[in-house]
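# Understanding the architecture of this molecule
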Amino acid sequence: MMRIGLIIVVFCFGYLGVAFAQSESFTINTTIINSDTDAPASPGNVAAVADTQTQALVTWDAATDNVAVTGYQVWRDNVQIATTTLLSYVDNPVIASTTYLYYITAFDAVGNVSASSSVVSLTMPSDIVSTPSVTSSSAGSGRLQSREYAITNLEISPALNSIRITFTTDTFVRTQVQYAVEGSEAPFTIIANQARRSHDIIVTGLTPGTLYDVDIFLTRTEFEAVPNETLQARTLAPADTTPPPNVRAFVARPTDNGVALSWQNPTVVDFDRVRVVRSEAFYPIDMADGWVVYEGDRATFLDTQATAARPTYYTIFAIDTAGNVSSGAVALAYIPPVGTPPPSPVDTVIPPPDWSLQLDITQSSGRAILQASSTFVLPYAEPFTLSIPAATLPSNLKTIVATLVSPTDELAVFRFLLRINPERTAYEATIDVLLEPGTYPLTIDWYDFKTQQAYQWQGAVVAVGMSESAPSQNPWWPLWPVIVVCSLGLYYLYRRQT
Amino acid sequence: MVLTVLTLISVHATPTVLSQVRSSSNFQIERDSINSAGGFSTSSSFQLEATAGEDGAGTATSSNFALQAGFQQQDQVTLTLTGGQAVIMDGDLGGITGGESNGSTTVVASTDGAAGYALTIESNSNPTLQSGASSIAEYAPVGGTADNTFITTSSDAHVGFSPFGTDVVARYLTSGSVCGSGSASTTACWDGLSMTPVVISSAPGANAPAGATTTVYFKVGIGSGVTQPPGVYVGTTTITLQSL
């Protein structure tokens, strides 16, 4: 029995299955060397001007390189503020009455960086939104003979409803100022009775945002009126702090030659341009959060420098003439390797943890937006603003993306960033007019960078025609005379019968 | 004594039933043995398989042959994969000037399974070759088949592979100008790596212990119009031997 047991033990380790595999892993190693060690030349002709009180425009000439210049770094006060492939950069916002030092460096594809360009200094205007163009003229209107008194230190300071003019003369003279709306034949006149050498005249009662012709006369006597300066000055326009709507239909489509970007510019009258910013990390959240690949007023751009093998994130910002910037529309481009599905920007979507999303939608007309649960009903032919109160969100929240899907084409997906407003009270995005009525599925994704989690809210925007947007707006009160007459008639018939 | 008798009975009672692969459209029996003793003992947790009365069981090998004797010796398929050394591409490539670099690794796959084997290759990352934030794309054949020639245009920066060996599958055989059939070549056919395993060699029948050699050639191509950031690009690739 012992022998039988031993034999059984010896042979009982046979296998019945035959599913085996054996693997060998090995590394592949290749070295790409830097065959270009020459840095580009420094960009030339760097210039900086104040576009507005809070916006500077920096321009430069293209740099040269033994291979090719890949881009430029914009530096302000020794801090890099932007990377761009363009030859200009709009620095916004900057602070009024502040002096900035700008310079540019160029770099090539392997990271060789040029020496700094010459440094230019720019002092932003104080109270001036549009710098008055001052034109000296001694010809005057022809009624008067010639300039007789020298004016120095002439300064023009427009305000909303006034223009302040200060200057110095080399002798004591009295001042007479004639002003009129540009091209008007009926000037107003201000006469200073006291002779002075230091003059300070404030022209009041002016219309905001209007260009005025101003003639300055200097007199020694009541009978003398010698023209010294003819100039033009524009009063300040009311501050425009309303950002433009985002572009519509922003699409990033990979092609053999790069990533083809297309969009529809906002329809607002003060739209000026767009800026397209690219990043391989995530959607750029502001105009300096990545590569500036395009700035202008076109509606298409081919980004030939995008890396096809990685997800490429784009944000396009609309900018109006006052420098206000939209929250940004976003698009993702990716050329997947063969057999590899493209990654989703949202890897894991889970419900919000312990707080709920409070989403508001408003329109500039002030029309009431009907809301039922998570569905908003609004007129389709009017821009609208998505808003989430900042106080309702975790403080570590970073990025919120709103997604609208066309009611007729589920592949037409438009994504927008919600950015914190200047008052830091809400995350907002303004959407331009919808092109057609219908139900637009609306998704809000927000990415919590602290917890590395993504959350999602789903709802819908029902865009309707104006007549459908709300119950009849016709008031009843215009009918009151008819009601009174009819009531009197009924009362008369009643009295007759009784 | 009893056990010896039982063994003789089992051998002589099955003079024409040899160990072999039996298959139908639905199943395949890799190994069999007939003996009249031993058997299976089962419980809810274990199964005991036993043979009895077997003398002279074991494995005897020479340089060309391996003898596995015993009723259940061939119940276990032995797969052996050797080689697979790290690939160091020959020469550095200029990130601006571009060019091509080559490397290869060789594996020997052996199996004693009569059904044969299959050899697959896969990349452990996507893209395979990475250096920090920079990467080199996978080679993408022009059509559905592998490319007979490694094509690098001025805008390409990619890495591809080409297997060579006696058992290379049809996709990597070339007629001389087109891949898909023909014979194996050390200069064709070029394909892109993927994180999905791709069969590169396969053959029916046992080939142990000599095995079959497959050499996988790699080529990196940088186009003249591409500025590839300098760096050491590294990736890991896995070759897997499976029994059929």
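Every chain's residues receive numbers from 1 upward, in the order its sequence appears when written. A letter from A marks each chain and a number from 1 marks each ligand, given out in the order of writing. Totals for whole chains, interfaces and linings use every residue, but because this is a predicted model, local features are given only for residues with pLDDT of at least 70 and side-chain atom pairs only at 80 or more, for both listing and counting. No hydrogens and no water enter the side-chain calculation; it runs on all heavy atoms of the structure.

### Observations regarding the overall build of chain A
Secondary structure elements follow DSSP: runs of H or I no shorter than four residues count as helices, runs of E no shorter than two count as strands, and numbering proceeds from the N terminus. Helices and strands together make up the secondary structure of chain A, namely 3 helices and 31 strands. Throughout, exposure labels follow a simple rule: accessible area from a 1.4 Å probe, protein chains only, divided by the maximum for the residue type, with under 20% read as buried, over 50% as exposed, and the rest as partly exposed. Counting all 498 residues of chain A, 43% fall into the buried class. Total accessible area on chain A is roughly 25800 Å²; 55% of this is exposed by carbon and sulfur atoms. The Shrake-Rupley method, run with a 1.4 Å probe, gives the accessible areas here. Residue values count only the displayed protein chains as cover.

### A few points about the sheet that holds strand E2 (residues 47-52) of chain A
All names here are of chain A. If you walk across this open sheet you meet the 3 strands as E2-E3-E6, and the pairing is antiparallel. Lying at the two open borders of the sheet, with one neighbouring strand each, are E2 and strand E6 (88-91). On average, adjacent strands in this sheet sit at an angle of 20° to one another, irrespective of strand direction. Should DSSP find at least two bridges between two strands, the strands are taken to pair. For E2 and strand E3 (residues 55-59), the ladder comprises 5 bridges, and the chain directions are antiparallel. What sits directly across from Ala-48, in E3, is Val-58. Convention adopted: a line fitted to C-alpha atoms gives each axis, helices being fitted over their contacting stretch, and angles between N-to-C directions are expressed from 0 to 180 degrees.

### A look at the pairing of E3(A)
Residues and elements named next belong to chain A. The turn joining E2 and E3, which pair antiparallel and follow one another in sequence, is formed by 2 residues. Pairing of E3 with E6 involves 4 bridges; the strand directions are antiparallel. Counterpart to Thr-59 in the pairing with E6 is Ser-88.

### Comments concerning the nonpolar core
Among the buried residues, those of types Ala, Val, Leu, Ile, Met, Phe, Trp, Tyr and Cys that are joined through side-chain atoms within 4.5 Å form a nonpolar core. Ranked by internal contacts, the top residues of the largest apolar core, which has 49 residues, are A:Phe250, A:Leu261, A:Trp263, A:Tyr314, A:Leu404, A:Leu442 and A:Ile444. Should any heavy atoms of two residues lie within 4.5 Å, those residues are considered in contact. Beyond its immediate stretch of four places on either side in the chain, A:Trp263 contacts A:Val247, A:Arg248, A:Ala249, A:Phe250, A:Val274, A:Val276, A:Tyr294, A:Arg298, A:Ala299, A:Thr300, A:Phe301 and A:Ile316. By size, the runner-up hydrophobic cluster in this structure holds 39 residues, among which are B:Ala109, B:Phe161, B:Ala188 and B:Ala203.

### Let's talk about the side chain of A:Asp65
Residue and element names in this part refer to chain A. By the secondary structure assignment, Asp-65 is in the loop between E3 and strand E4 (69-76). A distance of 3.0 Å separates the side chain of Asp-65 from the backbone nitrogen of Ala-68, its partner in a polar contact. Leave out the neighbours within four places in its chain, and Asp-65 touches Asp-36, Asp-38, Ala-39, Pro-40 and Asp-108. In protein, a polar contact means a hydrogen-donor-capable atom and an acceptor-capable atom, both N or O and within 3.5 Å, with residues adjacent in sequence counting only if both atoms are side-chain atoms; elsewhere, any N or O pair within 3.5 Å suffices.

### Here's the deal with the state of the cysteines
Residue and element names in this part refer to chain B. A pair of sulfur atoms, both from cysteines and within 2.5 Å, is called a disulfide here. Inspection of every chain in the model, using the stated rule, returns 1 disulfide over all chains. The disulfide bridge from Cys-179 ends at Cys-189, spanning 1.8 Å between sulfur atoms. Between Cys-179 and Cys-189 the sulfur-sulfur dihedral comes to about -100°; the bridge is accordingly left-handed. Placement of Cys-179 in the loop between strand E15 (173-174) and strand E16 (183-184) and of Cys-189 in the loop between E16 and strand E17 (198-203) is noted, with a sequence separation of 10 residues between them. By the burial criterion, Cys-179 is buried, and Cys-189 matches it.

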